[in-house]
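# Summary of structural features
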Amino acid sequence: MTVPAGPRPAHPLHRRTLPNGLRVVLLPGWPTPRSAVSVHYGTGFRAESPGSEGIAHLVEHLLFRGSESLPGGRFYDDLHPLGGTANGTTHADYTDYFQVVPAAALEQALFREADRMRAPQFTDAELASQLVEVGREIESMRDSRLYGKLPWPGLPEVMFRSFANAHDGYGDIGRLRTLTVDDCAAFFDAHYVPANAVLTIVTPHQPAAVWPLVERHFASVPARPADPPPWIAEPAPHHDREVRQRVADAERTALALGYRLPDPLRELPDYVACMVLGWMTNRWRHPRSGVRASAGCGFFGPLDALAPDVFVVTAVLPDDVTPDGFVGDLAAEWARLGDPARARPGVRRAVAELAGQHRRRHARLEERCRTLGRFELLFGRAELVDDLPGLITDTPAERVSRAAAALAAAPSAVLVAGPHGEDHTTRRPDPAADGTSDRRPGRARRTAAELGSSAVGPRPMPALGEPVAPALTGAREINLANGLRVVAVPDRRAELVELRLRLPLGPDGWRDPSRVAELLRVLGAHTDAARRVAGIGGELQLAQDGQWADLSAWAPVAVLPALLGVVADVLAPGPLPEWRPLPPARPTPIAPQQRMDEALRRHWAGRTGRPPADPTELRLRVLRPQHATLVLVGAADAEVLLATAADALTGWSAGPGAQPVTSDDPGPQVLLLREAAGDTVHLTLSGREPEVGSTEPARYLTTALLGGHTTARLAERCRRLGHADVMLARRDVLAGYRRASVRLAVPRDRIGEAVAGVRAEIAALIAEPPSEDELAVVRRYCSAQLLSAFDSPAGLADALRHTTAAGRGLDWVVRRPELLRTPRPTDLSAAAHDLFGALSHTVVLGDPPADFSTDRLAVMESRA
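Below: a short report on this structure. (Residues numbered from 1 in each chain as written. Predicted model: local features only at pLDDT ≥ 70, side-chain atom pairs only at ≥ 80, totals over all residues. Heavy atoms only, no water.)

### Here we look at the overall build of the protein chain
In terms of helices and strands, the protein chain carries 29 helices and 23 strands. In terms of overall dimensions, the protein chain is globule-like: its C-alpha atoms have a radius of gyration of 29 Å, near the 29 Å expected for 864 residues. Taken along the three principal axes of its C-alpha coordinates, the protein chain extends 80 × 65 × 60 Å. Surface summary for the protein chain: the accessible area is close to 35,100 Å², and the carbon and sulfur share equals 52%. The protein chain carries 99 positive and 104 negative side-chain charges, and their two centres are separated by 3 Å. (Helix = DSSP H or I, 4+ residues; strand = E, 2+ residues; numbered from the N terminus. Rg over C-alpha atoms; globule rule 2.2 N^0.38 Å. Areas by Shrake-Rupley, 256 points an atom, 1.4 Å probe, with all protein chains shown as cover. Lys, Arg positive; Asp, Glu negative; His and termini not counted. Charge placed at Lys NZ, Arg CZ, Asp CG, Glu CD.)

Printed below as a string of structure tokens:
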């Protein structure tokens, strides 16, 4: 049985080229209340010249620090208050800049990009500041990591001979410090020209509303010539190349392998076959050691660079496996896959999973916008975003076998790093070998001072446009006979379905979440759930956070019945085997907040005896449909989604759960989890929310105003006092109770001062309502931030899981911006009293000083 996908709305691309040469790709009518804007410039670290390695990345940083109309780091001033995001990345052949904003702020996003394209301002002060930031990035991403140069930037040095292809795009921070603002301006002047760029817009607006904005802000950017692109063509190697280097602190040997990939411009089907082979190589285990390799196309992902590009394999080897032995065994595996009959089963699974992953990733607003622009710039084919899943699915086993056989016989570049090797000095490629030193034309470059001013002069930031309201068109929900609440939302941005199941652990799970974690591992292993869902082209995960058990999955919508069949097996698998040792789970650090919540949760859950020892009984008592919520967001009508879920899960039942000991709030208490944790002590001040009183919109805004956004009162208090403390307000559900809390991370010698400060801010908010201006700032931020839930089907499913599990309806998701306009300032004072006026439960994690006083509060001490 398959689910018929509903008709997918057509979203054709619109293109224009402005007189200054700027190419524009527009995707209008995208079903989201936010817009994404990206600008891709056809320059990256392969365009750098000898002596300026790393300048492309440095210029990327500087372009966020000032332009003619937004000087002095004002780029983010109107962005963050709207819950918008922006960033940039530097790659081999391009540098991209991107923003995601509410649809009402589309023109503001275009204004920001046009202003820095027209007249960026590079100052000595900002250059010094960004050199510090770039140095930190180089330290964290390359120099302080054990194998920080594997595979990039170390492997290109082994694989290539030309400067453009082989040099380290991070550069050396000492050499970067010799660069001036005029050096950075010269690089910008040479490469950041309209004719060397692609502007991409993904928006719910229609073309007639967007094109005038593009013309208004970008048409006045002057046309000018760009430097010719770097010469990157390089003959393929005819023999293996290898470098072995010693890493002082390494106990094991790591290696990176590189092989030349087909040119995606001329041999795209063969390139896609290598993508499929990369997926299959990732799942190959070394026959003697069981070590897995990590393999794929490109240093930064598939189709991210022009040819020559690299098929990359990395692995960390045990002591009994030599690099040569590993390379030989991998080549033998590829030779085996050269037989299509042997490759076919793996290819069938690989193409299903790869195509689904691509569709899912590019249903996300930001990712779709960035990839459209990248594919248009590099390949002249933005439509490849939607064509690629079909190309992957249609890749035959015979083509993958040819790719495997070719790699097995091809010369490789090998970089080996470990305790045994040579102290390796970076080989500086010879720029004369590829003419790099002669690439720049003789025309004069503008200085930083000339670059930072334009003929039109500074412009004011445009006003916001009309907002686009979020919508859940066609959404429905039902309650099954077993008590399961099912919410279905049609969403045709991808031919997939997102599934989220959330249920409270109940007293048994709240008192011993580690036991539930083990139960979920047993269920996953017993039903083979993850492998079965991967076999239909999807993914399934089981997790718990101490409060909830979550089953998260996605798959092609056509196989929803099969996906729900696996879910039903997990929830009702029949008798489970006795507890038996499973392979050790990968250790995950437990955040301080989670540890404090677990302590308070056990306290609030009351005493109900030990959880059952039998896994079947524990499953019956914990995984119960009565208070569970299932969310389905997929490319089908809601009625179809609901009916399919009902067919699969109506039979899910469970025994009675443990009954918590209900009692009134026992009054002020402190739980002290003492441990040696340095100078920082973590605290959570908690209280149970009253069921009556202030409205939900007022409570939502009050939490944000107190400690839930960048200019919240607690954050401003820390800035005012010059403290780096963390103070955040939040609301959630803990052990079946709705909770309001404030979280702190403060120096151990300022615990009392910090807690007193929090209580003073709460008292002030209760005593005096906020001003209309302060309320307007918080309301605008919250309304805009909530729209991010609609950026992708996966994000929407996550948001609906959170909202519905807390007992709220679908209206709250859609109408929040409207509802948040109703509270008055006095309503927030009332909500502050209800939520934070009685934070009577304090959890302390750390090593407070000996004179730490809990005043009159009773202390229940526990070792963390």
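### Quick look at the pairing of strand E5 (residues 95–102)
Along E5, eight of the eight residues are buried, which leaves the element largely enclosed by surrounding structure. Bridge count between strand E3 (residues 34–41) and E5: eight bridges; the pairing is antiparallel. Counted as the bridge partner of serine 35 is valine 101 from E5. Note that strand E4 (residues 85–90) and E5 share six bridges and pair antiparallel. Along E5, the bridge assignment pairs threonine 90 with threonine 95. (Buried < 20%, exposed > 50% of the residue type's maximum accessible area, 1.4 Å probe, protein only. Pairing = 2+ DSSP bridges.)

### Quick notes on the environment of serine 840
When you line up the elements, serine 840 lands in the loop between helix H29 (825–836) and strand E22 (841–846). Residue classification places serine 840 among the buried positions, given a relative accessible area of 16%. Each C-alpha atom of the pair serine 840 and aspartate 798 lies 31 Å from the other, and the pair is 42 residues apart in sequence.

### Considerations on unusual backbone geometry
With an omega of 10°, the peptide bond between tryptophan 152 and proline 153 qualifies as cis. Within the element layout of this structure, proline 153 appears in the loop between helix H3 (124–143) and helix H4 (154–159). Residue proline 308 is reached from alanine 307 by a cis peptide bond, and omega for that bond is 5°. Relative to the helices and strands, proline 308 is located in the loop between strand E9 (294–297) and strand E10 (310–317). In this structure, aspartate 528 takes a positive phi of about 55° despite not being glycine. Position of aspartate 528 among the secondary structure elements: in the loop between helix H17 (513–527) and helix H18 (529–535).

### Let's talk about helix H1 (residues 55–62)
Across the eight residues that make up H1, a large majority, eight, are buried. Listing the buried residues of H1 in full gives Ile55, Ala56, His57, Leu58, Val59, Glu60, His61 and Leu62. Of the surrounding elements, those touching the buried residues of H1 are E4, E5, H3, helix H6 (173–176) and helix H7 (181–191). (Contact = heavy atoms within 4.5 Å.)

### So, the sheet that holds strand E7 (residues 241–246)
Taken together, five strands build an open sheet; the order of strands is E7-E11-E8-E10-E9 and the sheet is mixed. On the outer flanks of this sheet lie E7 and E9, each paired with one strand and no other. The sheet shows a mean angle of 10° between the axes of neighbouring strands, direction not considered. Here strand E8 (residues 253–260) pairs with E10 via eight bridges, running antiparallel. Bridging across to E10, alanine 254 finds its partner in valine 316. In the packing of helix H9 (residues 268–282) onto the sheet, the strands contacted are E9 and E10, and the crossing angle to E9 comes to about 170°. (Axes fitted to C-alpha atoms, helices over the stretch in contact; angles between N-to-C directions.)

### Observations regarding the packing of helix H23 (residues 696–707) against H29
One can describe the packing of H23 onto H29 by two numbers: an axis separation of 8 Å at closest approach and a directional angle of 80°. It follows that H23 is roughly perpendicular to H29 by the angle criterion. Between H23 and H29, the residues in contact are Ala698, Arg699, Leu701, Thr702, Thr703, Leu705 and Leu706 and Asp827, Leu828, Ala831, Ala832, Asp834, Leu835 and Phe836, respectively. Here the contact of H23 with H29 is built from residues that sort into nine nonpolar, two polar and three charged. (Parallel < 35°, antiparallel > 145°, perpendicular 65-115°, else oblique. Nonpolar A, V, L, I, M, F, W, Y, C, P; charged D, E, K, R; others polar.)

### Examining the sheet that holds strand E12 (residues 476–479)
Reading across from one edge, E12-E13-E17-E14-E16-E15 is the order of the six strands in this open sheet, with mixed pairing throughout. The strands lining the two open edges of the sheet, one partner per strand, are E12 and strand E15 (539–544). Pairs of neighbouring strands in the sheet enclose a mean axial angle of 10°, with direction left out of account. Two strands pair when backbone bridges link them, and E15 and strand E16 (residues 548–556) are joined in this way by six bridges, in the antiparallel orientation. Counterpart to glutamine 544 in the pairing with E16 is alanine 549. Where helix H11 (residues 340–361) meets the sheet, its contacts fall on strand E14 (496–504) and E16, and the angle it forms with E14 comes to roughly 80°.

### Comments concerning the nonpolar core
Judged by nonpolar contacts, the single largest core of 63 residues is most densely connected at Met280, Phe311, Phe326 and Trp334. With sequence-adjacent residues up to four places away left out, methionine 280 is seen in contact with Leu337, Ala343, Gly346, Val347, Ala350 and Val400. Counting 57 residues, the second largest nonpolar core, distinct from the first, contains Ala56, Leu58, Val59 and Phe64. (Core = buried A, V, L, I, M, F, W, Y, C linked by side-chain atoms within 4.5 Å.)

### Re the pattern of salt bridges
Two side chains with opposite charge may pair up if their charged atoms get near one another. In the structure shown here, the tally under the stated rule is 64 salt bridges. Residues arginine 266 and aspartate 263 are paired through a salt bridge, measuring 3.4 Å at the closest nitrogen-oxygen approach. We classify arginine 266 as exposed; its relative accessible area is 64%. When its relative accessible area of 14% is taken as the criterion, aspartate 263 is described as buried. Arginine 485 serves as the salt-bridge partner of glutamate 477, at 2.7 Å between the closest nitrogen and oxygen. Take glutamate 477: its relative accessible area is 32%, and that puts it in the partly exposed class. Overall, arginine 485 belongs to the buried group, its relative accessible area being 15%. (Salt bridge = Lys/Arg side-chain N within 4 Å of Asp/Glu carboxyl O.)

### Considerations on the pairing of strand E13 (residues 485–490)
Counting buried positions along E13 gives six out of six residues, so the element sits mostly inside the fold. With burial as the criterion, each face of E13 is covered, one bearing Arg485, Val487 and Val489 and the other bearing Val486, Ala488 and Pro490. The turn joining E12 and E13, which pair antiparallel and follow one another in sequence, is formed by five residues; a positive phi near 100° is taken by glycine 483. With six bridges connecting them, E13 and strand E17 (residues 629–634) associate as parallel partners. Across the sheet, residue valine 487 finds its bridge partner in E17, namely valine 631.

### Topic: the side chain of arginine 502
Within the secondary structure layout, arginine 502 lies in strand E14. For arginine 502, a relative accessible area of 11% gives the class buried. Side chain to side chain, arginine 502 and aspartate 550 meet in a polar contact 2.8 Å long. Filtering out sequence-adjacent residues up to four positions away, arginine 502 remains in contact with Trp548, Ala549, Asp550, His627, Ala628, Thr629, Arg801, His802 and Ala805. (Polar contact = N/O pair within 3.5 Å; in protein donor to acceptor, adjacent residues only side chain to side chain.)

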